[in-house]
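What follows is the residue order along each chain.
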There are 2 protein chains.
Amino acid sequence: MTRVTGARERARTEIAESIKAEARRQLADAGAARLSLRAVARELGMVSSALYRYYPSRDDLLTALIIDAYDAVGSAAERAVAAAPAADPVVRWTAACHAVRRWALAHPHEYALIYGSPVPGYAAPEATTGPASRVARALIGVAEEAADSGLLAPAPFESADVLRDAEQLVRRLGMRLHPAAMARLTAAWAQLFGLVGFEVFGQFHDVVHAREEFFDRAAADLGRGIGLRSPAA
Amino acid sequence: MTRVTGARERARTEIAESIKAEARRQLADAGAARLSLRAVARELGMVSSALYRYYPSRDDLLTALIIDAYDAVGSAAERAVAAAPAADPVVRWTAACHAVRRWALAHPHEYALIYGSPVPGYAAPEATTGPASRVARALIGVAEEAADSGLLAPAPFESADVLRDAEQLVRRLGMRLHPAAMARLTAAWAQLFGLVGFEVFGQFHDVVHAREEFFDRAAADLGRGIGLRSPAA
DNA sequence: TCCAAAGCAAGAGCACTGCTCTCGATTGTG
DNA sequence: CACAATCGAGAGCAGTGCTCTTGCTTTGGA
């Protein structure tokens, strides 16, 4: 895959990469709104106009950061699921949830970039949709395995339209979860980010102090809500 | 309450109000990031430096808008609860949820301002905490009434620390809900805004199409999850 | 090997931003 | 009436994203 490339091309991707790295540093420091192309260029010892050779606009640079961020949470969730014991779907589910939360707390500004208010006038390009679904795929994977082991209780979702949406979605993602379960999982997916977002964005300030425990219980309930069951001991 | 005030003072609050109104218009149009003091001043026929007599900084103007936004969602939720039939807590709960969702969809940028990523370097002043809790209070009210009518099933929350947080919170808000119920409600509260936020911020694009129905079921499940029960027919 | 073409950094410049400061004019009050 | 507080206007500062032009360097083909 790693084709041999000319010196120029190699230098180009290298510079583009260090621009992104510096941008990510500033993003982590001060947030997306304060990310300045000029400051990035300055820090890299180049003039601001030179930077436009690598990223045609601020939005393009942000898009690159967005894709990386989606990949980072996604892979964190995947790794957490892979590392969790295969036997108990509820444990696997909460492991994925905790991974998302941990990543979000460790990278609040990157989290805000992808799950917070969208940047003004910014439309997510197609390129982001793939990485954006990695967390969802990980969660769906847990539910599918549970279903295979007979540990996914049937939980109906009484709406033909919603079930149709769910079926379409499962097909598009190339997965095989039952539509009703998929519909409930979609809700749980959104609700998970409600929990994480409130904590990251400070809405739990002076409201919840025992946050890890609170989240753990809430996440487990979320998993049980979509029908996940622990194996009988 | 409405004290008689001098002409100057009256003019002052009037101007401050029209600044806020124009700012809200621009916020609704383009989002918080694109809200420009200079543009507001321009639209009002004044010079930008004059505006600083009324709002010492952009953040102060934003704070005023934030308070108004919290009040707007809060009152929408309160009115929805008041208008819903008193007999069925689940219906009352979902009515509040729908009110929040409707308001959010109608005012996406204001929603983003209060429940999206916090503006960089902006710390919510004390003055916002009151209005910020109105939605939560409305939801808690529904749960309390349900408990009074015997329609709140006991739903434990197995964590002493979390229960202590919940108890503290209930006391601070001057309410009387059972701590375990409060803990679950806190989670449901955050999850509700997960559902709403994902829809408003476009995360449901190409994922959920039957959104009203989807939300309705999810919100009802949320209510049942904290123990709300419909009265036996 | 030579040369045109493409890629690149640099600088100047445009229109915009939040914010500060100063300077007169206006206003309400002692 | 006089004085002090308040106010609007303007200039100005430092910063932003982005464009365009000017030369220099690297590259690939004749």
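Everything below is about the structure shown above.
Cut-offs applied
- Residues numbered from 1 in each chain as written.
- Chains lettered and ligands numbered in written order.
- Predicted model: local features only at pLDDT ≥ 70, side-chain atom pairs only at ≥ 80, totals over all residues.
- Heavy atoms only, no water.
- 1 Å grid on protein atoms, 1.4 Å probe; cavity = no way out; pocket = protein on both sides within 12 Å on 5 of 7 lines; lining within 4 Å.
- Points joined across faces, edges and corners; volume = space filled by probe spheres on them.
- Helix = DSSP H or I, 4+ residues; strand = E, 2+ residues; numbered from the N terminus.
- Near = heavy atom within 4 Å.
- Polar contact = N/O pair within 3.5 Å; in protein donor to acceptor, adjacent residues only side chain to side chain.
- Expected span 1.5 Å × (residues − 1).
- Buried < 20%, exposed > 50% of the residue type's maximum accessible area, 1.4 Å probe, protein only.
- Contact = heavy atoms within 4.5 Å.
- Least-squares fit on C-alpha atoms with pLDDT ≥ 70 in both.
- Nonpolar A, V, L, I, M, F, W, Y, C, P; charged D, E, K, R; others polar.
- Axes fitted to C-alpha atoms, helices over the stretch in contact; angles between N-to-C directions.
- Parallel < 35°, antiparallel > 145°, perpendicular 65-115°, else oblique.
- Left-handed = near helix turned anticlockwise from the far one by under 90°.
- Buried area = accessible area lost by both parts, 1.4 Å probe.
- Salt bridge = Lys/Arg side-chain N within 4 Å of Asp/Glu carboxyl O.

### Brief notes about empty space enclosed by the protein
Right, on to step 1. Enumeration over the complete set of coordinates arrives at four cavities of 30 Å³ or more.
Right, on to step 2. Here the largest cavity is characterised by a volume of approximately 170 Å³.
Right, on to step 3. Lining the largest cavity we find 17 residues, and of these Tyr115 and Phe193 of chain A together with Tyr115, Phe193 and Gly197 of chain B sit closest to its centre.
Right, on to step 4. Those elements that provide at least two residues to the lining of the largest cavity are α6 (108-115) and α10 (179-200) of chain A together with α6 (108-115) and α10 (179-200) of chain B.
Right, on to step 5. In this structure, the second largest cavity occupies an estimated 50 Å³ of space.
Right, on to step 6. Surrounding the second largest cavity, Val207, Val208 and Phe214 of chain A together with Val162, Asp165, Ala166, Leu169, Ala183 and Thr186 of chain B form its lining.
Right, on to step 7. Among the elements of the structure, α9 (160-172) and α10 of chain B are those that each provide at least two residues to the lining of the second largest cavity.

### Let's talk about the protein's contact with DNA strand D
Right, on to step 1. Around DNA strand D sit 22 residues, and of these Leu37, Arg38 and Arg42 of chain A together with Ser49 and Arg53 of chain B come closest.
Right, on to step 2. Sugar and phosphate atoms form 51% of the subset of DNA strand D atoms that lie within 4 Å of the protein.
Right, on to step 3. Within the side chain of Arg38 of chain B, a nitrogen or oxygen atom sits 3.4 Å from a base oxygen of DNA strand D.
Right, on to step 4. The contact in question runs from a base oxygen of DNA strand D to an N or O atom on the side chain of Ser49 of chain B, over 2.7 Å.

### Observations concerning helix α8 (residues 134-148) of chain B
All names here are of chain B.
Right, on to step 1. Along its 15 residues, α8 runs 21 Å from first to last C-alpha, staying within 8% of the 21 Å computed at 1.5 Å per residue.
Right, on to step 2. When we look at burial in α8, the residues that qualify are Val135, Ala136, Ala138, Leu139, Ile140, Gly141, Val142, Ala143, Glu144 and Ala146.
Right, on to step 3. Buried residues along α8 sit in contact with α4 (58-83), α5 (89-106), α6 and α10.

### Side note on the relation of the copies chain A and chain B
Right, on to step 1. Between the two copies, chain A and chain B, the superposition gives an RMSD of 0.0 Å; the rotation angle is 180° and the shift along the axis is 0.0 Å. Considering both components of the superposition, the chain copies are consistent with a two-fold axis. Considering only C-alpha atoms, the residue of chain A closest to the rotation axis is Gly194 of chain A, which sits at 1.7 Å.
Right, on to step 2. Here 100% of the contact residues of chain A are again contact residues in chain B; the copies associate through an equivalent surface.

### Description of the protein's contact with DNA strand C
Right, on to step 1. Looking at DNA strand C, there are 21 residues lining it, with Ser49 of chain A together with Leu37, Arg38, Arg42 and Arg58 of chain B nearest.
Right, on to step 2. Considering the 4 Å shell around the protein, atoms of DNA strand C inside it are sugar or phosphate in 51% of instances.
Right, on to step 3. Within the backbone of Leu37 of chain B, a nitrogen or oxygen atom sits 2.7 Å from a phosphate oxygen of DNA strand C.
Right, on to step 4. Secondary structure elements with two or more residues in the surface near DNA strand C: α1 (7-30) and α3 (48-51) of chain A together with α1 (7-30), α2 (37-43) and α3 (48-51) of chain B.
Right, on to step 5. Looking at the surface near DNA strand C, the element that brings in the most residues is α2 of chain B, giving three residues.
Right, on to step 6. Grouping the amino acids of the surface near DNA strand C by side-chain chemistry returns eight nonpolar, five polar and eight charged.

### Brief notes about the packing of helix α8 (residues 134-148) of chain A against α10 of chain A
All names here are of chain A.
Right, on to step 1. Relative orientation of the contacting elements α8 and α10 amounts to 130°, with a least axis distance of 11 Å. In this view, α8 runs oblique relative to α10, as classed from their interaxial angle. The hand of the α8/α10 crossing is right-handed. Note on element contacts: α10 touches α8 through Met182, Leu185, Trp189, Leu192 and Phe193, opposite Val135, Ala136, Leu139, Ile140 and Ala143.
Right, on to step 2. Grouping the constituent residues of the contact of α8 with α10 by class yields 10 nonpolar, no polar and no charged.

### What to know about α10 of chain B
Residue and element names in this part refer to chain B.
Right, on to step 1. For α10, built from 22 residues, the straight-helix expectation of 32 Å at 1.5 Å per residue is met to within 8% by its first-to-last C-alpha distance of 31 Å.
Right, on to step 2. The buried fraction of α10 amounts to 21 of the 22 residues, a majority that puts the element mostly inside the structure.
Right, on to step 3. Directly beyond the C-terminal end of α10, a positive phi value near 85° is found at Gly202.

### A short note on the environment of Ala138 of chain B
Residues and elements named next belong to chain B.
Right, on to step 1. By the element assignment, Ala138 lies in helix α8.
Right, on to step 2. Taking C-alpha positions, Ala138 is 14 Å from Ala86, a pair spaced 52 residues apart along the chain.
Right, on to step 3. Beyond its immediate sequence surroundings of up to four residues, Ala138 is in contact with Ala77, Glu78 and Val81.

### Topic: the interface of chain A and chain B
Right, on to step 1. With 46 residues of chain A in contact, the opposing surface of chain B contributes 46 residues.
Right, on to step 2. Across the chain A/chain B interface, buried area totals approximately 3,800 Å², and carbon plus sulfur atoms make up 63% of it.
Right, on to step 3. Where chain A meets chain B, there are four salt bridges.
Right, on to step 4. Put simply, Arg184 of chain A and Asp221 of chain B hold a salt bridge, and the shortest N to O gap is 3.1 Å.
Right, on to step 5. Summed over the shared surface of chain A and chain B, the result is 15 residue pairs in polar contact (both at pLDDT 80 or more).
Right, on to step 6. Among the secondary structure elements, those contributing two or more residues to the side of chain A that touches chain B are α6, α9 (160-172), α10 and α11 (211-225) of chain A.
Right, on to step 7. Among the elements that take part in the side of chain A that touches chain B, α10 of chain A stands out by supplying 11 residues, more than any other.
Right, on to step 8. Here the residues of the side of chain A that touches chain B sort into 26 nonpolar, 10 polar and 10 charged.

Honestly, it's all geometry; don't read function into it.
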